[in-house]
Amino acid sequence: MSSFTKSAQQWATFARSWYLIDARMQPPGKIATMCAIRLQGKHKPIYHALSDVGDHVVVMNSRHIAFSGNKWEQKMYSSHTQYPGGFKQVTATQLHSKDPKAIVKLAVYGMLPRNLSRRTMMQRLHLFPEDDLPEDILLNLTEELPQPREIPRRLNEYSQEEREAFPTLWTPPEDYRRK
Amino acid sequence: MAARCVLGSIWTSLSGVKSMASSSNMSVFQSITNYPQLSVFGIIQSRGIRQVVEKKEGKTTIIEGLTQDTLAGPQPPNPTAQCPIYQWNLQNKYNYTDVLLLSQFIRSDGGMLPRRVTGLCAQEHRKIAICVQMAHRAGLLPDHKPPLPEGHVPKKPKPQLNRYLTRWSIDSVKPIYRAGLKWCKNRISVGHPALRNNVQYGKKILYLKH
């Protein structure tokens with residue numbers, strides 16, 4: 001802004017911010033794209049790949065992510081131990097039960113550019129399975145990002161007035177007994 | 001004894017009191033207003049509900065089930081159509097998240113009501129059944145679970161995983177071991193092709209294969 005001093009303006013443009021994302025009931029892919037953009041610094045007009053302008057991103061509730069479709073059963077994560085016969089394939093459910101942070105971590109890792117700065121960017125990504133964050137990270141947070149997916153409401157979360165306001169579409173026949 | 005026989009004959013002569021017969025046998029000489037157990041949502045326009053009224057004329061007691069006047073709710077904008085969805089112009093506009101709509105077509109244990117009762121046409125009945133399935137798998141209908149037998153102890157605690165738009169049943173799906181290359185990938189299906197014609201209000205297209 002024009003009313004700031006030059007030093008304040010310089011600090012505001014080049015400072016590294018800390019973003020918070022709540023991954024509850026969110027698809028991990030969409031969370032990962034938001035993280036990858038901010039870890040690279042692509043949300044800033046001063047971006048350059050060599051300038052190391054990426055920010056920190058904190059993802060909480062990574063245990064409560066939601067996959068669309070049957071991905072929990074169908075999606076496979078593969079790895080190889082480099083030994084013969086060491087090809088391992090694990091479903092998303094099994095991987096999530098072993099390590100609740102792994103799915104989001106692998107998703108972000110695959111979305112970052114394949115160069116040496118990927119490792120430093122992954123060090124700036126902080127994943128937490130639940131919503132209890134340590135003190136020092138809570139003090140650093142600057143902004144919470146909006147969730148990408150709108151969480152649908154359950155039937156018991158609708159109030160009685162809303163349920164009554166919704167019109168009934170059909171009337172049952174006279175001799176029908178509702179079970 | 002004699003009074004019960006008289007009452008029995010009066011009962012059979014009156015129409016539509018069969019539903020009250022089983023419940024009203026115990027307390028005969030009390031005025032009862034019995035309502036069958038309604039599910040979670042409120043008062044429905046059901047012509048099956050009757051108000052039991054007792055009248056005493058000397059030695060005879062008449063217990064009658066009077067039909068309640070149906071509440072005049074909002075009228076559908078297109079009453080000439082056959083199917084309730086078309087009457088309210090909701091075709092291609094509902095999804096698995098519209099639980100208030102879907103809950104009108106399900107029983108208390110989560111199953112669908114028959115088409116001859118609801119009056120839905122075949123295609124819409126199928127679409128609603130698909131949306132109800134997806135809503136159950138997403139956990140949006142927590143009170144419509146089937147009753148478990150008493151003393152049922154689950155063997156292993158199932159992992160509580162959040163999911164949405166699940167087309168196939170959880171136990172029936174096998175993992176994709178060899179997904180293939182980008183041009184011939186074995187894709188994972190999301191949502192259902194029956195809901196392909198749904199109105200999209202944003203610019204994004206509906207992807208059925210991820």
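Residues numbered from 1 in each chain as written. Chains lettered and ligands numbered in written order. Predicted model: local features only at pLDDT ≥ 70, side-chain atom pairs only at ≥ 80, totals over all residues. Heavy atoms only, no water.

### A closer look at the state of the cysteines
How we decide: The definition used for a disulfide is geometric: two cysteine sulfur atoms within 2.5 Å.
Overall, the coordinates contain 0 disulfides over all chains when judged by the stated rule. We note that Cys131(B) lacks a disulfide partner, and the nearest cysteine sulfur, in Cys83(B), lies 13 Å from it.

### Looking at the pattern of salt bridges
All names here are of chain A. The criterion, for reference: What counts as a salt bridge is simple: a side-chain nitrogen of Lys or Arg found within 4 Å of a carboxyl oxygen of Asp or Glu. Counting from the N terminus, the helices are the DSSP runs of H or I reaching at least four residues and the strands are the DSSP runs of E reaching at least two. The buried label applies to any residue whose accessible area, calculated with a 1.4 Å probe on protein chains only, is under 20% of its type's maximum; exposed applies above 50%, and partly exposed to all values in between.
Applying the stated criterion to the full structure yields 10 salt bridges over all chains. With its nearest N and O atoms 3.5 Å apart, the salt bridge here joins Arg16 to Asp52. Taken as a pair, Arg16 in the loop between α1 (6-14) and β1 (18-22) and Asp52 in the loop between α2 (28-40) and β2 (56-60) lie far apart in primary sequence, 36 residues in all. Accessibility expressed as a relative area gives 43% for Asp52, which makes it partly exposed. Between Arg124 and Asp52 there is a salt bridge, with the nearest N and O atoms lying 2.7 Å from each other.

### Observations concerning the side chain of Asn61(A)
All names here are of chain A. This is how it is decided: In this description, contact between two residues means that some pair of their heavy atoms is separated by no more than 4.5 Å.
One can find Asn61 in the loop between β2 and β3 (66-68). For Asn61, a relative accessible area of 2% puts it in the buried group. Not counting chain neighbours up to four residues away, the residues in contact with Asn61 comprise Asp22, Ala23, Arg24, Phe128, Pro129, Glu130 and Asp131.

### A short note on the interface of chain B and chain A
Heads up, the condition is: Put simply, buried area is the surface a 1.4 Å probe can reach on two separate parts but cannot reach once they are joined, added for both. For the purposes of these results, a polar contact is taken to be a pair of N or O atoms within 3.5 Å, where, inside protein, one atom must be able to donate a hydrogen and its partner to accept one; residues adjacent in sequence count only when each atom of the pair is a side-chain atom. Each residue gets one label: Ala, Val, Leu, Ile, Met, Phe, Trp, Tyr, Cys and Pro are nonpolar, Asp, Glu, Lys and Arg are charged, and the others, such as Gly, are polar. Two strands qualify as a pair provided DSSP detects at least 2 bridges between them.
Contacts between the two partners involve 55 residues from chain B and, on the opposite side, 42 residues from chain A. Summed over both partners, the interface of chain B with chain A buries about 4600 Å², with 61% contributed by carbon and sulfur atoms. In terms of surface lost to chain A, no three residues of chain B exceed Leu100(B), Asn162(B) and Tyr164(B), which account for 16% of the buried area on that side. The tally of links between chain B and chain A comes to 16 residue pairs in polar contact (both at pLDDT 80 or more). Of all the secondary structure elements, the ones that give two or more residues to the side of chain B that touches chain A are α3 (84-87), α4 (99-102), α5 (115-118) and β3 (162-164) of chain B. A per-class count over the side of chain B that touches chain A returns 31 nonpolar, 18 polar and 6 charged. Bridge count for β3(A) against β3(B) is 3 bridges, and the pairing is parallel. Opposite Ala66(A), over in β3(B), you have Asn162(B) as the bridge partner.

### Description of the sheet that holds strand β6 (residues 125-127) of chain A
Residues and elements named next belong to chain A. Spatially, 4 strands are ordered β6-β2-β1-β7 in an open sheet, and the strand pairing comes out parallel. At either margin of the open sheet sits one strand with a lone partner, and together these are β6 and β7 (143-144). The pairing of β1 with β7 spans 2 bridges and is parallel. Its bridge partner lying in β7, Leu20 is registered against Glu144.

### Quick word on a positive patch on the surface
Defined as follows: Note on patches: the residues involved have over 30% relative accessible area and no salt bridge, like charges join within 9 Å, and the nonpolar side chains Val, Leu, Ile, Met, Phe, Trp and Tyr join within 5 Å. Under the convention used here, a 1.4 Å probe and the Shrake-Rupley method define accessible areas, while residue burial counts only the protein chains that appear. Counting rule applied: Lys, Arg positive; Asp, Glu negative; His and chain ends not counted. By convention, charge coordinates are those of NZ in Lys, CZ in Arg, CG in Asp, or CD in Glu.
Together, Arg114(A), Lys182(B), Lys185(B) and Arg187(B) give the surface a local cluster of positive charge. Following the sequence through the fold, Lys182(B) ends up in the segment after β3.

### A look at unusual backbone geometry
We note that Asn61(A) has phi near 60°; this positive angle belongs to a residue other than glycine. Non-glycine residue Asn92(B) carries a positive phi angle of around 65°.

### Quick word on helix α6 (residues 122-138) of chain B
Residue and element names in this part refer to chain B. The criterion, for reference: In this analysis, the expected span of each helix is defined as 1.5 Å times one less than the number of residues it contains.
Taking 1.5 Å of rise per residue, 17 residues should cover 24 Å, and α6 covers 24 Å from first to last C-alpha, within 8% of that figure. Along α6, the residues that are buried comprise Glu124, His125, Lys127, Ile128, Ile130, Cys131, Val132, Met134, Ala135, Arg137 and Ala138. As for α6, its buried residues are in contact with α3, α4, α5 and β3. Immediately beyond the C-terminal end of α6, within one or two residues, lies Gly139, with a positive phi of roughly 80°.

### Looking at the nonpolar core
Note on soluble globular proteins: their nonpolar side chains tend to be buried together. Threshold: Think of a nonpolar core as a cluster: buried Ala, Val, Leu, Ile, Met, Phe, Trp, Tyr and Cys residues, connected wherever their side-chain atoms sit within 4.5 Å.
Counting residues in each nonpolar core, the largest one holds 35 residues, and the members touching the most others are Leu169(A), Ile85(B), Tyr96(B), Phe105(B) and Ile128(B). Looking at this core, the elements that each hand over two or more residues are α4 and α6 of chain B. Tallying contributions element by element places α6(B) first for this core, with 7 residues. If near-sequence neighbours (up to four positions away) are discounted, Ile128(B) is found in contact with Ile85(B), Tyr94(B), Leu102(B), Phe105(B) and Met112(B). Ranked by size, the runner-up nonpolar core spans 29 residues in total, among them Ala23(A), Ala32(A), Leu112(A) and Leu145(A).

### Focus: the pairing of strand β4 (residues 76-80) of chain A
Residues and elements named next belong to chain A. Relative to strand β5 (residues 87-91), β4 runs antiparallel, the two sharing 5 bridges. Counted as the bridge partner of Tyr77 is Val90 from β5. In sequence, β4 turns back onto β5 through a hairpin of 6 residues, with Gln82 there showing a positive phi of about 75°.

### Details of the confidence of the model for chain B
All names here are of chain B. Worth spelling out the cut-off: In predicted models, pLDDT denotes the confidence assigned by the predictor to each residue on a 0 to 100 scale.
In the predicted model, chain B carries a mean pLDDT of 80, and 75% of its residues have values of at least 70. Element-level pLDDT for chain B is lowest in helix α2 (residues 18-24), with a mean of 42, against a maximum mean of 97 in α6. Overall, residues 2-45 carries pLDDT values under 50, and its contacts beyond four positions in sequence, including any with other chains, amount to 53 contacts. Predicted complex metrics record ipTM = 0.91 and pTM = 0.80.

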